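Summary of the model geometry
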Amino acid sequence: MRGIYSNTLLLPSVLLLCLASLTRGDPKVIFSPDYSLHERPPTTDGKPVVIEASINLRNILDVAEKEQIISLETTLRLYWKDTRIKPKEKFMDSEDSLGPYLTLNPSRAAKFWMPDVFIDQAKALRTPTYYTKPASLRVYNDSTIRYSSRINYDVACNMDFHRFPVDEQYCEVKFESFGFTNKQIQLKWMDQSHSNVNTNISLAQFSYNVLLMDSYSTDYYDIAYPGLIMKLHLTRQIGYHIVQTYIPSAVFVVLAWLSLFIPAESVPGRVGMGMTTLLTLTAMFSAVRQNVPRVSYISFLDIWMLICMLFVFSCILEFIIATVFIRSGKKSQGDKFEFICKICLPIIFIIFNTCYWPILMAGYADGK
């Protein structure tokens, strides 16, 4: 009898504990009885679930040209409506442009149906976490769900260096659905006012512009998957290369030309000056190429450096030809040849510059 009596007392206690645990499970939100996080929110006429998005570009951490990767820090916010979920009115203590809402711990997102959005061509993702994950989950009074999360990541960017160092790079960051097709969900950007870019972003060699492109569907699978594109337009600032490359290389070309005024009989002076300028230009050219990928095509900067090296080599070649004339007893012809080279070489270099710089700056100055 004592055992039966004890069991009778324990049964209500167990039931109360179970009820309390269920109450603690969802104290602020009411789920419909048929709710399942494995099923998409219901829509009228079976239309795709509309998921709107906004983004906050917090920082452009790095532009790695050699690896053709950019590093970004963004906060992506996704909005969708799920009529199976209702917030309890007494817990809605905040309000924004969409209406009153309550905020849940981001860990509670595991109990909600969530869009399976991923970042296409991302190499690495990092979460700047101190203790709690930098994310938030909101439920609005009209059953709109908002999930927001901040991450920083490295994503591939196909770059074109034909116009280097006045090149412009277009990097597309694609947020794409992994499992749901475009017949199941639809992704689209919210109004531009809901997205923002940190105005304090500063890049060493680039200016930038951000464009949120219309939603798209993948065309490289048998089934089309919806996605969103954030396009970054990076424009290189030429000031660094003007100071570090163009002006020094032009000075070395002038020095090589000035070596023509040293008498041909002064062999060590002429040879030393010519070889020093040629080797310096070669080292400068190699240093510049270290900052860009090993592409098979020629860039604008390659053309400049090769022409500069060609002019320096021409000055060395001129000395060799003049020396041959002098040692062959044709000093007058050697002097005449040197005089012609002193006049023609700078004229040719000036003509090259008058052609090179307008072509280089044609697309750079108008910002296209």
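See the structure shown above.
Scope of this entry: the structure provided in the associated data block.

**Observations concerning the overall build of the chain**
Broken down by element type, the chain carries five helices and 15 strands. In terms of overall size, the chain is more extended than a compact globule, its C-alpha atoms giving a radius of gyration of 34 Å where 368 residues would be expected to give roughly 21 Å. Along the longest, intermediate and shortest principal axes, the C-alpha atoms of the chain span 135 × 50 × 40 Å. Counting only residues that meet the buried cut, the chain has 41% of its 368 residues in that class. Of the contacts formed within the chain by residues at least 6 apart in sequence, a portion of 77% connects residues at least 24 apart. Distance between charge centroids for the chain: 4 Å, based on 36 positive and 33 negative side chains.

**Observations concerning the pattern of salt bridges**
Evaluation of the coordinates by the stated rule reveals eleven salt bridges. The salt bridge involving arginine 236 is made with aspartate 167; its shortest N-O contact spans 2.5 Å. Separated by 69 residues along the polypeptide, arginine 236 in strand 15 (residues 226–236) and aspartate 167 in the loop between strand 10 (144–156) and strand 11 (168–177) bring together distant segments of the chain. Comparing arginine 236 with aspartate 167 shows no difference in burial state: the two are buried. Lysine 231 is paired through a salt bridge with glutamate 172; the nearest N and O atoms lie 3.7 Å apart. Here the residue lysine 231 occupies a position in strand 15, and glutamate 172 occupies one in strand 11, the gap between them amounting to 59 residues. Exposure remark for glutamate 172: the relative accessible area of 32% places this residue in the partly exposed category.

**Concerning the sheet that holds strand 7 (residues 117–119)**
The strand order across the open sheet formed by four strands is 7-11-15-14, and the pairing between neighbours is antiparallel. Edge strands, defined here as strands with exactly one partner in the open sheet, are strand 7 and strand 14 (206–217). Pairwise comparison of adjacent strand axes, ignoring direction, gives a mean angle of 20° for this sheet. Here ten bridges tie strand 14 to strand 15, and the two strands are oriented antiparallel to one another.

The rules behind these values
- Residues numbered from 1 in each chain as written.
- Predicted model: local features only at pLDDT ≥ 70, side-chain atom pairs only at ≥ 80, totals over all residues.
- Heavy atoms only, no water.
- Helix = DSSP H or I, 4+ residues; strand = E, 2+ residues; numbered from the N terminus.
- Rg over C-alpha atoms; globule rule 2.2 N^0.38 Å.
- Buried < 20%, exposed > 50% of the residue type's maximum accessible area, 1.4 Å probe, protein only.
- Contact = heavy atoms within 4.5 Å.
- Lys, Arg positive; Asp, Glu negative; His and termini not counted.
- Charge placed at Lys NZ, Arg CZ, Asp CG, Glu CD.
- Salt bridge = Lys/Arg side-chain N within 4 Å of Asp/Glu carboxyl O.
- Pairing = 2+ DSSP bridges.
- Axes fitted to C-alpha atoms, helices over the stretch in contact; angles between N-to-C directions.

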